[in-house]
Amino acid sequence: MIQTFQTNLDEIKAKVTDISMGLLEANELILSALSDCDPAKFSDARSKIKNIHSKTDTIDNAIIKVLALYTPEARDLRQVIAYLKITNELSRASSSTRSFIRGFLGVCKDVDKDTIIQYAVPMQASTIAAIRSTVSMIPCEDDDEIQDIYNDVLIEENKTDDLYEMVERNLSLQADGSSNFEKFHKMLRALRKSGKIAARSISIANLLVYAKVGGNFRS
């Protein structure tokens, strides 16, 4: 029974990793598309997170089946519960990614390219770094390494917050007319979605620490 449980858990991890990689690839394509506002790349990015809700529902059903069949305890139970919560975070991160694409496509042609390169690009780069580090935690089994990677994710998530505050402050100073104000407000609203993707990454990293190391959930 133990081996069968582990097989099921490995399959769940593999599916979570697959969705996470799709999220990472989508955001990498967004970064590539930002500077020239390339609709084709944005479309490719959307394709990487297609049918995420259906995929996470499939994982959730598999997790519920595992809970019903094996009634896991201790660390096994922590892992199963953590992955059940992780699927929700992945779904939310994917929704924010789609919103970011939609919002940025609607404004990027009207925003100065230098502004995009100076603010949007580094913010998205930090979001990608947060996702990439989080994905690397999934197969990791060393407690100290997991904690170190968690700290890396936290640093990148904090960077997105700091960069957003800089963008907000500087764009507000540049908005010298009503038309500019509306344009910059739309850009800020889109960039806020990039920050939310990074926030979902730290939530997932937190859950992975809980699953593999234990302790309490962090806020």
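Summarised in this report is the structure supplied together with it.

Focus on the packing of aromatic side chains
Consideration 1: The full count for this structure, using the stated rule, is two aromatic pairs.
Consideration 2: Seen in terms of ring centroids, F100 and F104 are 5.6 Å apart; in terms of plane orientation they differ by 75°. Their pairing is edge-to-face. Of this pair, F100 and F104 are both found in helix α4 (residues 74-105), four residues apart, which corresponds to roughly one turn of the helix. As far as burial versus exposure is concerned, F100 and F104 are alike and both buried.
Consideration 3: Positioned above the aromatic ring of Y164, the side-chain terminus of R192 is 4.4 Å from the ring centre.

Quick word on the pattern of salt bridges
Consideration 1: Using the criterion set out here, one finds eight salt bridges in the structure.
Consideration 2: Residue K13 pairs with E141 through a salt bridge whose shortest N-O separation is 3.8 Å. Note that K13 is positioned in helix α1 (residues 2-34) and E141 in the loop between α5 (113-137) and α6 (143-174), a separation of 128 residues in sequence.
Consideration 3: You can call K13 buried: its relative accessible area is 12%.
Consideration 4: Each of K13, R75 and E141 takes part in a single network of salt bridges with overlapping partners.

Details of unusual backbone geometry
Consideration 1: Of note, the phi angle at C37 is positive, near 50°, even though the residue is not glycine.
Consideration 2: Its place among the elements puts C37 in the loop between α1 and α2 (39-48).
Consideration 3: Residue A74 is not a glycine yet carries a positive backbone phi of 55°.
Consideration 4: By secondary structure assignment, the location of A74 is in helix α4.

Concerning the packing of α2 against α4
Consideration 1: Relative to each other, α2 and α4 sit at 165°, their axes nearing to 10 Å. The angle between α2 and α4 places the two elements in the roughly antiparallel class. Handedness of the α2/α4 crossing: left-handed. For the pair α2 and α4, the contacting residues are P39, F42, A45 and R46 in the first and I101, F104 and L105 in the second.
Consideration 2: In terms of residue class, the contact of α2 with α4 is made up of six nonpolar, no polar and one charged.

Comments concerning α5
Consideration 1: Between its first and last C-alpha atoms α5 spans 35 Å; for 25 residues at 1.5 Å apiece the expected length is 36 Å, and the two agree.
Consideration 2: At A120, α5 shows its largest bend, some 30°, and a proline, P122, comes one to four positions later.

Calculation notes
Residues numbered from 1 in each chain as written. Predicted model: local features only at pLDDT ≥ 70, side-chain atom pairs only at ≥ 80, totals over all residues. Heavy atoms only, no water. Phe/Tyr/Trp six-rings, centres within 6.5 Å; stacked < 30°, edge-to-face > 60°. Helix = DSSP H or I, 4+ residues; strand = E, 2+ residues; numbered from the N terminus. Buried < 20%, exposed > 50% of the residue type's maximum accessible area, 1.4 Å probe, protein only. Lys NZ or Arg CZ within 6 Å of the ring centre and 35° of its normal. Salt bridge = Lys/Arg side-chain N within 4 Å of Asp/Glu carboxyl O. Axes fitted to C-alpha atoms, helices over the stretch in contact; angles between N-to-C directions. Parallel < 35°, antiparallel > 145°, perpendicular 65-115°, else oblique. Left-handed = near helix turned anticlockwise from the far one by under 90°. Contact = heavy atoms within 4.5 Å. Nonpolar A, V, L, I, M, F, W, Y, C, P; charged D, E, K, R; others polar. Expected span 1.5 Å × (residues − 1). Bend = angle between axes of the 7 residues up to and from the residue.

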